[in-house]
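# Chains, contacts and geometry: an overview
Residues per chain are reported as follows:
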Amino acid sequence: MDFSQVWQSDSASEDFLKLFNGAAETASGVSVTFNTALRHSTVYACNRVLSESIASLPLVLYKEEKDGTRIKAKEHPLYKLLNSNPNSEQTTMQWRENMITNLNLRGNHFTQIIRNGAGQVSQLWSLDTTRMTAKRLQSTGEIVFIYDYSADGSSKQVAFKFNEVLNIAGLSLDGISGISPIGYERESIGLSIAMEEFGNKYFKNGATSSGAFSIEGELSTEAYDRMKKDFETSYSGMKNAHKPMILEGGAKFNPITLNNKDSQFLEARRYQKEDIAMIFRVPLHMLNDLTKANYNSLEQL
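Residues numbered from 1 in each chain as written. Predicted model: local features only at pLDDT ≥ 70, side-chain atom pairs only at ≥ 80, totals over all residues. Heavy atoms only, no water.

### A short note on the nonpolar core
Just so we agree on the cut-off: Grouping buried Ala, Val, Leu, Ile, Met, Phe, Trp, Tyr and Cys residues that are joined through side-chain atoms within 4.5 Å yields what is termed a nonpolar core. For each residue, the accessible area found with a 1.4 Å probe, counting protein chains only, is set against the maximum for its type, and the residue is called buried under 20%, exposed over 50%, and partly exposed in between. Put simply, DSSP H or I for four residues or longer makes a helix, DSSP E for two residues or longer makes a strand, and each gets a number counted from the N terminus.
Formed by 17 residues in total, the largest nonpolar core has its most connected members in V43, I182, I189 and F280. Mapped by element, the contributors of at least two residues to this core are α2 (34-38), α3 (41-55), α7 (186-205) and α9 (265-280).

Rendered as structure tokens:
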């Protein structure tokens, strides 16, 4: 279906599919997008557990006989597509991994349905969720999916009929467009990313004996600059941790840095890990977190 025909026939179509696509800054000051969220270890691990587990399950098409028994419908055109290769570039496991990843991060997955001259499904191609929107035509009430190719350097937009796209929506408010877990839970994920960045900067810039220098009298500009440079070069960062500090001219060093345990940093990071795992409903032991696990509980889980 040509997009211009759909647009001209109903220029006042209503958007039903609004995806969380851009960077959204959280209260923690971190901008959360699909990519930044997926770079977080807990989000990445949760997505791997769900997508790889579901993709590895058998996907077999069966035919029911007259006596009620079931046999594999190997002669059906859909059998190979679902069980082996949905298209010429992907295996069924890759296709389903992509599907679950889109559902986990964006709340929707779209697959283009290609049919042959006889009307049979011949290929299934995953579509980029971020380029798709849905519109309902006021004239007919039909839902069409608008796919934007502008990211490929083209201004072309194509409209697919409802039966030309396999639309799998996650948790939805209207039954058509799924809500993005990353978009709705970006505050929790943003806080966890901010804590991770804080930890990285702490170890990058912190020295074991971090604190304040106490020196009697006033240093010359040259002596101040040399002392500052020597400290940053010789004692700052993980590579210089635990090195003995050499002071001169009666200088005294007074440590003032709080450690991570005192600031409950590790405990807070663990809570954020549990919070993100709760969003995806993934048990902590499947993320290699066995802190509260025992053999009896793991067996039951």
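### Considerations on the packing of α3 against helix α5 (residues 92-106)
Under the convention used in this document: Between N-to-C directions, angles cover 0 to 180 degrees, with each direction set by a line fitted to C-alpha atoms, over the stretch in contact for helices. Just so you know how the angles are binned, under 35 degrees is roughly parallel, over 145 roughly antiparallel, 65 to 115 roughly perpendicular, and the rest oblique. Crossings are classed by handedness, with left-handed meaning an anticlockwise turn of the near helix from the far one by less than a right angle and right-handed meaning a clockwise turn. Any two residues whose heavy atoms approach within 4.5 Å at even a single point are treated as in contact.
The contact between α3 and α5 brings their axes to 8 Å, and the two run at 140°. Between α3 and α5, the angle falls in the class oblique. The way α3 lies across α5 gives a crossing that is right-handed. Here V43, N47, L50, S51, E52, I54 and A55 of α3 come into contact with α5, specifically with M93, R96, E97, I100, T101, N104 and L105.

### Focus: α3
The following threshold applies: What a helix is expected to span follows from its residue count: subtract one and scale by 1.5 Å.
Taking 1.5 Å as the rise per residue, α3 with 15 residues should run 21 Å; its terminal C-alpha atoms sit 21 Å apart, in good agreement. Of all the residues in α3, the buried ones are T42, V43, C46, N47, V49, S51 and A55.

### Some thoughts on unusual backbone geometry
With a phi angle near 55°, R281 is a residue other than glycine that sits in the positive phi range. Here R281 lies in the loop between α9 and α10 (295-300). Located in the positive-phi region is N288, a residue other than glycine, with phi close to 65°. Counting through the fold element by element, N288 comes out in the loop between α9 and α10. Given a relative accessible area of 71%, N288 falls into the exposed group.

### A short note on the side chain of Q90
Position of Q90 among the secondary structure elements: in the loop between α4 (77-83) and α5. Among the residues examined, Q90 registers a relative accessible area of 19% and is labelled buried. Q90 has contacts with N85, W95 and S126, leaving out every residue within four places of it along the chain.

### Brief notes about the pattern of salt bridges
Inclusion rule: Basic side-chain nitrogens of Lys or Arg form a salt bridge, by our definition, when they fall within 4 Å of a carboxyl oxygen of Asp or Glu.
Applying the stated criterion to the full structure yields five salt bridges. The residue E52 makes a salt bridge to R48 at a minimum N-O spacing of 2.8 Å. Of this pair, E52 and R48 both sit in helix α3, four residues apart, which is roughly one turn of that helix. E52 sits in the partly exposed class, given a relative accessible area of 30%.

### Regarding the pairing of strand β9 (residues 143-148)
For the record, the criterion: When DSSP finds two or more bridges between a pair of strands, those strands are recorded as paired.
Burial analysis of β9 places five of its six residues in the buried class, the great majority of the element. Counting the residues in the hairpin turn of strand β8 (residues 132-136) and β9 gives six residues, including G141, whose phi is positive at 80°. Here four bridges tie β9 to strand β10 (residues 157-160), and the two strands are oriented antiparallel to one another. Looking across to β10, one finds that I146 is bridged to A159.

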